[in-house]
Amino acid sequence: MLLPTPWLDNITWTADGLVPVIAQEWHSNDVLMFAWMNREALALTVERGVAVYWSRSRGKLWHKGEESGHVQTVREIRLDCDNDVVLLRVEQLGHEPGIACHTGRHSCFYQRLDGDQWVSVEPVIKDPATIYRA
């Protein structure tokens with residue numbers, strides 16, 4: 001059980017006890033991904049210095065890179081003006097250039113609206129089938 005922590009108490013959590021998190025690359029300022037954290041995930045992230053998220057689909061903690069090796073070392077943590085969105089400034093490790101997306105791309109934001117269609121505009125750096133354990 002987590003002890004009360006004043007800095008965690010300052011966050012405006014959703015009714016489900018989550019906070020949205022944006023991961024931004026430390027050096028390039030690229031937005032890499034969006035995820036969720038609960039109190040435990042954020043506390044572990046601070047304690048360990050690597051990103052730990054909450055997987056809503058799996059209903060458990062998700063240690064970024066636990067299967068892929070694409071770990072996010074946290075360089076800075078920021079909170080927005082409404083105290084309801086966390087920004088992680090990270091160094092994306094595990095491959096050069098860093099892969100943050102489960103599709104094998106640098107960023108999860110690889111699709112751009114072109115007219116009335118979403119078009120993939122970022123290349124797959126590494127085939128996801130070779131990244132993740134079955």
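Heads up: the structure comes first, above all this text.
Residues numbered from 1 in each chain as written. Predicted model: local features only at pLDDT ≥ 70, side-chain atom pairs only at ≥ 80, totals over all residues. Heavy atoms only, no water.

Draft legend 1. Spotlight on the overall build of the protein chain. When helices and strands are tallied, the protein chain shows 2 helices and 8 strands. In the protein chain, the order of α-helices and β-strands from amino to carboxyl end is α-β-β-α-β-β-β-β-β-β. Taking 14 Å as the expected radius of gyration for a compact globule of 134 residues, we find that the protein chain reaches 15 Å, a close match to that expectation. For the protein chain, the residues scored as buried account for 37% of the 134 residues in total. (Helix = DSSP H or I, 4+ residues; strand = E, 2+ residues; numbered from the N terminus. Rg over C-alpha atoms; globule rule 2.2 N^0.38 Å. Buried < 20%, exposed > 50% of the residue type's maximum accessible area, 1.4 Å probe, protein only.)

Draft legend 2. Spatial organisation of the environment of Asn 29. Along the chain, Asn 29 falls in the loop between strand 1 (19-25) and strand 2 (31-37). Since its relative accessible area comes to 43%, Asn 29 is described here as partly exposed. For the pair Asn 29 and Arg 39, spaced 10 residues apart in sequence, the C-alpha to C-alpha distance is 26 Å. The residues touching Asn 29, leaving out its near neighbours within four places in the chain, are Gln 24 and Arg 89. (Contact = heavy atoms within 4.5 Å.)

Draft legend 3. Geometry of the environment of Met 33. Checked against the element boundaries, Met 33 lands in strand 2. You can call Met 33 buried: its relative accessible area is 3%. Taking the C-alpha atoms as reference points, Met 33 and Cys 108, separated by 75 residues in sequence, lie 5.2 Å from one another. Leaving out residues up to four positions away in the same chain, Met 33 has contacts with Val 21, Ile 22, Ala 23, Tyr 53, Trp 62, Lys 64, Gln 72, Ala 100, Cys 108 and Phe 109.

The values reported here are purely geometric and, on their own, carry no functional implication.
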